[in-house]
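Coordinate inspection notes
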Amino acid sequence: MSLHASEFFAELCLPFRVHAVVGDTYYATPIPGTPMRLRIDFSGTIHADTYGGLRLALLHPDRGEIDAVSLGFAEHGTYHRRDEATSTRPNTKRYGTFDTYCRPGRPPWEGAVTTGLRDAIEQYTAIWFPGAWTANAPSRAAGRTLHTPPATTTSRSGARAR
């Protein structure tokens, strides 16, 4: 079953312009023109088809993997709301994880809050690719538009309101 990886990585809103999702893996060149690459995979657990976080790796074309770090969903609050709502307890199979079994038409990672993961990825890339996050980030001022809700008109009818 598909992990819907491209939608998951889109949800993270990573700012790297040069990137691709191949299978269930995200690849990026945070600083274009340099040989260093970033790879992000889903990290498995001891349970089949169950994922407990992301694994970030720094790749060099000649030297291979230079560094790697695991970012657990539980440690970054990815499923805190879901687990709290379903009373899922720590140290159980479902706590802070997702598996490939899901409702039809829904991604298996449904309910994920990716803010903590995104912040951790930003911190990691800031070490290995200084300035890449801000250089690639789209201008927030340019992308935002002021949304004014339509004015509601109140009209009095002949009927009495209770």
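Residues numbered from 1 in each chain as written. Predicted model: local features only at pLDDT ≥ 70, side-chain atom pairs only at ≥ 80, totals over all residues. Heavy atoms only, no water.

1. Regarding the nonpolar core
For the record, the criterion: Nine residue types can take part in a nonpolar core, namely buried Ala, Val, Leu, Ile, Met, Phe, Trp, Tyr and Cys, and a core is a set of them joined through side-chain atoms within 4.5 Å. Buried means the residue's accessible area, taken with a 1.4 Å probe over protein chains only, is under 20% of the maximum for its type, while exposed means over 50%, and partly exposed covers the values in between. The numbering of helices and of strands both runs from the N terminus, where a helix is a DSSP run of H or I of at least 4 residues and a strand a run of E of at least 2.
Core analysis: the biggest nonpolar cluster contains 30 residues, and Phe-8, Phe-9, Ile-40, Phe-42, Leu-54 and Ile-121 have the highest contact counts within it. The set of elements that each furnish at least two residues to this core consists of α1 (5-12), β2 (25-28), β3 (37-44), β4 (50-60), α3 (115-128) and α4 (132-136).

2. As for the side chain of Arg-39
How we decide: The definition of a polar contact used here is a pair of N or O atoms within 3.5 Å, where within protein one atom must be able to donate a hydrogen and the other to accept one, and adjacent residues in sequence count solely through side-chain atom pairs. In this analysis, two residues are considered to be in contact whenever any of their non-hydrogen atoms come within 4.5 Å of each other.
Position of Arg-39 relative to the elements: it lies in strand β3. A polar contact is formed between the side chain of Arg-39 and the side chain of Asp-41, at a distance of 3.2 Å. With residues near it in sequence (within four places) discarded, Arg-39 still touches Thr-25, Tyr-26, Tyr-27, Arg-55, Leu-56, Ala-57, Leu-59 and Glu-65.

3. With respect to the pattern of salt bridges
Cut-off, in case you're wondering: By convention in these notes, a salt bridge is any Lys or Arg side-chain nitrogen within 4 Å of a carboxyl oxygen on Asp or Glu.
If you walk through the whole model with that rule in mind, you get 3 salt bridges. Of the charged contacts, one joins Arg-39 and Asp-41 as a salt bridge, the two residues approaching to 3.2 Å between their closest N and O atoms. The closest approach of N and O atoms between Arg-39 and Glu-65, which form a salt bridge, is 2.8 Å. Residue Arg-39 is located in strand β3, and its partner Glu-65 is located in strand β5 (residues 64-72); the two are separated by 26 residues in the primary sequence. For Arg-39, a relative accessible area of 18% gives the class buried. One network of salt bridges, in which partners are shared, links Arg-39, Asp-41, Arg-55 and Glu-65.

4. Notes on a nonpolar patch on the surface
Threshold: Patch criteria: residues need more than 30% relative accessible area and no salt bridge. Like-charged residues are merged within 9 Å; nonpolar side chains of Val, Leu, Ile, Met, Phe, Trp and Tyr are merged within 5 Å. Here the open area of atoms and residues is found with the Shrake-Rupley method and a 1.4 Å probe, where only the protein chains shown may cover a residue.
Taken together, the side chains of Ile-66, Ile-127 and Trp-128 make up a nonpolar region of the molecular surface, amounting to roughly 280 Å² of accessible area. Structurally, Trp-128 is set in helix α3.

5. Quick notes on the environment of Gly-72
On the secondary structure map, Gly-72 appears in strand β5. Note: C-alpha distance between Gly-72 and Gly-53 (19 residues apart in sequence) is 4.1 Å. Those residues in contact with Gly-72, other than ones at most four positions away along the chain, are Gly-52 and Gly-53.

6. Section: the packing of aromatic side chains
The condition is simple: Stacked, tilted and edge-to-face pairs are distinguished by plane angle, under 30 degrees for stacked and over 60 for edge-to-face with tilted covering the rest, among Phe, Tyr and Trp rings (Trp via its six-membered ring) whose centres lie within 6.5 Å.
Using the criterion set out here, one finds 7 aromatic pairs in the structure. Taking 5.3 Å as the distance between ring centres and 40° as the angle between the ring planes, the aromatic pair formed by Phe-9 and Tyr-26 counts as tilted. One end of the pair, Phe-9, is in helix α1; the other, Tyr-26, is in strand β2, and 17 residues separate them in sequence. Its relative accessible area of 2% is what places Tyr-26 among the buried residues. Feature note: the residues Phe-8, Phe-9, Tyr-26, Phe-42, Tyr-51 and Phe-73 constitute an aromatic cluster, connected by ring pairs.

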